[in-house]
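Structure assessment
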Amino acid sequence: MTSSVTHLWRLLKWGRTLARHGALRGIADDPLTPPSVRKLVWFVSLGVRSPPSPDYAAALVAIGPAAIKLGQALSTRPDLVGDRAAANLSQLQDDLPPAPFAKIKQTVEASFGVPLKSLYTKFDEQPVGAASIAQVHRAVTTDGKDVAVKVLRPGIEEELAKAIETYEWAAAHVERYGGEAERLRPRMVVAHFRQWTARELDLQREAASASELRENMVAEPGYYVPEIDWRRTARRVLTLEWLDGVKLSDREALIEAGQDCHALAEILVRAFLRQAVVDGFFHADLHHGNLFALADGRIAAIDFGIMGRVDRRARIWLAEILYGLITGNYRRVAEIHFEAQYVPGHHNVQEFATALRAAGEPIRGLPVKDISVGRMLESLFAITRDFDMPTQPHLLLLQKSMVMNEGVATALDPDINMWETAEPFLRDWMRSELGPEAYYADRIIEVVRAFKKIPELIDRLDEYYPPAGAAPPSPPLPEIAVIERRAWWGYFLFGLLGTAVGAAVVWFI
């Protein structure tokens, strides 16, 4: 286990880097910052000249890959870092210098135990993209298919493990302050971050996620997931179909290519709702760089390292919450929050509904371009504080994906109304999931499952209450008072100490 001195040394180096980019100024100036933390920031910043405007993204790039991944996660948590910091962190796109090709080639050959040329007839040495965890090269397989080959950076597992261990150590100490820090649950946030990162480090698991999503999205013909080349995929190498398209971030290029940006935005919204609400399995890293418009008008997604899951009960709650916000049924939205135990029971449902109305009514029915996102987030985070709502780490990926999805959709079509686009989809799904047919189908499934448990319950009863054997019952045993074992050496030391004290008293008298 890493010592506290090592954690402190790492934090000191990182703190100096953050100070050089002005990233600690917000903590020092916040009146809610504990005095001890403010002193620590002052100590770390000694002798450092910081710019007038903080650049959080540049600071995390300078610290390393683990910090970049953490910054991407924090960019979806303005309640933790503030609106300005979240906006700056959203610029993190993993555009880093690539690892040397010799090491990449070594990784590929070690993964499959054969020379590179026996897998690919052509393999571009210069990557098309280099991220914090992996980089992507274009190649042609021995059977003539154009593919993209994703390879983990050498030594990335060890580097991330060290950094995350220090994040856990720091989060545990921050949470000890209680109050707001405890409500935000930084330890749980870092624990989920560790899980997300571990999934990204297994490219064979990423391939499985892409394959599952590809099967699910057959119902959404406007959304395409590339095919996996399983024969050339391992834990550190992923090979998938090469896609030619225009990034959704380049709106001018999309228009020049004759793409319908409004249609693309609607496809994106429907695809996300199908993933999150219908299937409960969704792409959780939908930034511009991972989405392309194909020549036939479909949207293609790549990079399936971060995927999210939501169970059926939570999906029904989510759909009801979104539909309630769309239709203005704030009372039902409030009731769901209490049913899901997102709000502590000592609060009042009606008061919570009123608070939601205050946040929702000013933006309902407006196009996204006319909505003040800062004002909306300020209202929502004030509600979480006023009603003692703890952070729900299992929903962090979903919140992140919703924010990213909205950002990409509105960049495509600034006039799109996200609520109006989502309403027909949610209404139809809720009719099928919450109607009488679905209700009775769920009850039948519950009864069948209960009956299937009966044989197992009988076996467990036999295990805990076995039948009497051939031996006759044992006679009752009388209760005997047993002398407990005493720690005689303790009495001896106590007596010796008493003698010494008595002797001292007599001496001084």
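Attention here is on the structure that accompanies the text. Everything numeric here is computed off the predicted structure, so don't read it as measured data. (Residues numbered from 1 in each chain as written. Predicted model: local features only at pLDDT ≥ 70, side-chain atom pairs only at ≥ 80, totals over all residues. Heavy atoms only, no water.)

**Observations concerning the overall build of the protein**
For the record, the criterion: Numbering of helices and strands runs from the N terminus; a helix is a DSSP stretch of H or I covering at least four residues, while a strand is a stretch of E covering at least two. Here the term buried applies to any residue with accessible area under 20% of the maximum for its type, exposed to any over 50%, and partly exposed to those in between, with areas from a 1.4 Å probe on protein chains only. By definition, residues are in contact when any of their heavy atoms lie within 4.5 Å. Where accessible areas are quoted, they stem from the Shrake-Rupley method and a 1.4 Å probe; at the residue level, only the protein chains shown are allowed to cover.
Of regular secondary structure, the protein possesses 22 helices and 11 strands. Within the protein, the fraction of its 509 residues that count as buried is 42%. Sequence-distant contacts in the protein: of pairs separated by 6 or more residues, those separated by 24 or more amount to 69%. With an accessible surface of roughly 28700 Å², the protein has 58% of that area assigned to carbon and sulfur atoms.

**Re helix α1 (residues 4–20)**
Note the cut-off: Take the number of residues in a helix, subtract one, and multiply by 1.5 Å to get its expected span.
The end-to-end C-alpha separation of α1 is 24 Å, in line with the 24 Å expected for 17 residues at 1.5 Å each. Taken together, the buried positions of α1 are occupied by His-7, Arg-10, Trp-14, Gly-15, Thr-17 and Ala-19. Buried residues belonging to α1 abut α3 (35–44), α4 (56–63) and α9 (156–175).

**A closer look at the packing of helix α16 (residues 330–339) against helix α17 (residues 349–360)**
Helix-helix packing is described using two parameters, namely the angle between the two axes and the distance between the axes. The condition that has to hold: Angular values range over 0 to 180 degrees, each being the angle between N-to-C directions of two axes fitted as lines to C-alpha atoms, with helices fitted over their stretch in contact. Comment on the angle field: the value is read as roughly parallel under 35 degrees, roughly antiparallel over 145, roughly perpendicular from 65 to 115, and oblique elsewhere. What makes a crossing left-handed is the near helix being turned counterclockwise from the far one by less than a right angle; a clockwise turn instead makes it right-handed. For this scheme, ten residues count as nonpolar: Ala, Val, Leu, Ile, Met, Phe, Trp, Tyr, Cys and Pro. Four count as charged, namely Asp, Glu, Lys and Arg, and the remainder, Gly too, count as polar.
Contact pair α16 / α17: the axes reach a minimum separation of 8 Å and the direction vectors enclose 120°. Here α16 lies oblique to α17, going by the angle between them. Relative to α17, α16 is oriented so that their crossing is right-handed. Taking contact as the criterion, the partners of Tyr-330, Arg-331, Val-333, Ala-334, Glu-335, His-337 and Phe-338 in α16 are, on α17, Val-349, Gln-350, Phe-352, Ala-353, Leu-356, Arg-357 and Gly-360. In terms of residue class, the contact of α16 with α17 is built from eight nonpolar, three polar and three charged.

**Looking at the pairing of strand β4 (residues 146–152)**
How we decide: At least two DSSP bridges between two strands are required for those strands to pair.
Burial of β4 is extensive: six of the seven residues sit out of reach of the surface. Note: strand β3 (residues 134–141) against β4, seven bridges, orientation antiparallel. Considered in β4, the bridge of Arg-138 is made with Ala-148. Where β3 folds back on β4, the antiparallel hairpin that results is connected by four residues, among which Gly-144 adopts a positive phi of roughly 85°. Alignment of β4 against strand β6 (residues 237–241), held across five bridges, turns out to be antiparallel. Across the sheet, Val-149 pairs through a bridge with Thr-239, a residue of β6.

**A closer look at the pattern of salt bridges**
Threshold: Within this document, salt bridges are pairs made up of a side-chain nitrogen of Lys or Arg and a carboxyl oxygen of Asp or Glu, the two lying within 4 Å of each other.
Counted under the stated rule, the structure contains 14 salt bridges. Here Glu-335 makes a salt bridge to Arg-331, at a shortest N to O gap of 2.8 Å. Of this pair, Glu-335 and Arg-331 both sit in helix α16, separated by four residues, roughly a single helical turn. Overlapping salt bridges bring together Asp-143, Asp-229 and Arg-232 as one network.

**A closer look at helix α11 (residues 186–200)**
This is how the line gets drawn: The arc in question is traced by the directions running from the helix axis to the C-beta atoms.
In this model, α11 (15 residues) spans 21 Å end to end at C-alpha, consistent with the 21 Å of a helix rising 1.5 Å per residue. Where α11 is concerned, the buried positions are Pro-186, Val-189, Val-190, His-192, Phe-193, Trp-196, Thr-197 and Glu-200. Across the axial projection of α11, the buried residues extend over an arc of 160°, all falling on one side.

**Examining the sheet that holds strand β7 (residues 246–247)**
Spatial ordering of the open sheet is given by β5-β10-β9-β7, a layout of four strands whose pairing is mixed. Among the strands making up the open sheet, the edge pair consists of β5 (223–224) and β7. Examined bridge by bridge, strand β9 (residues 291–293) and strand β10 (residues 299–301) share three bridges and lie antiparallel to one another. Within β10, the position partnered with Leu-291 by the bridge is Ala-301.

**Considering the nonpolar core**
Selection rule: Working definition of a nonpolar core: buried Ala, Val, Leu, Ile, Met, Phe, Trp, Tyr and Cys residues. They are joined through side-chain atoms within 4.5 Å.
By size, the foremost hydrophobic cluster in this structure holds 60 residues, and its most contacted members are Tyr-167, Tyr-223, Leu-248, Leu-291 and Ile-299. With nine residues, helix α14 (residues 261–279) is the largest single contributor of residues to this core. Apart from residues lying up to four places away in sequence, Leu-291 is in contact with Tyr-223, Val-246, Lys-247, Leu-248, Leu-268, Leu-286, Ile-299, Ala-300, Ala-301 and Val-408. Counting 13 residues, the second-largest nonpolar core is a separate cluster that includes Ile-104, Tyr-120, Val-149 and Val-151.

**Comments concerning the packing of aromatic side chains**
Counted only if it meets this: Stacked, tilted and edge-to-face are the three classes assigned to paired rings of Phe, Tyr and Trp, where Trp is represented by its six-membered ring and a pair needs centres within 6.5 Å; plane angles under 30 degrees give stacked, over 60 edge-to-face, the rest tilted. Note on geometry: a ring has a charge over it if NZ (lysine) or CZ (arginine) is within 6 Å of the ring centre and within 35 degrees of the ring normal.
A complete count under the given rule lists five aromatic pairs for this structure. Their ring planes at 45° and their centres at 5.9 Å tell us that Phe-101 and Phe-123 sit as a pair that is tilted. Placement of Phe-101 in helix α8 (residues 101–112) and of Phe-123 in strand β1 (residues 120–123) is noted, with a sequence separation of 22 residues between them. Of the two residues, Phe-101 and Phe-123, neither departs from the other in class, the shared state being buried. Geometrically, the ring pair formed by Phe-272 and Phe-282 is edge-to-face, given 6.4 Å between the ring centres and 75° between the ring planes. Residue Phe-272 is located in helix α14, and its partner Phe-282 is located in strand β8 (residues 281–283); the two are separated by 10 residues in the primary sequence. Residue class for Phe-282 comes out buried when judged on its relative accessible area of 1%. Through successive ring pairs, a cluster of aromatic residues spans Phe-101, Tyr-120 and Phe-123. Of note, Arg-298 hangs over the ring of Tyr-224, and the distance from its end group to the ring centre comes to 4.6 Å.

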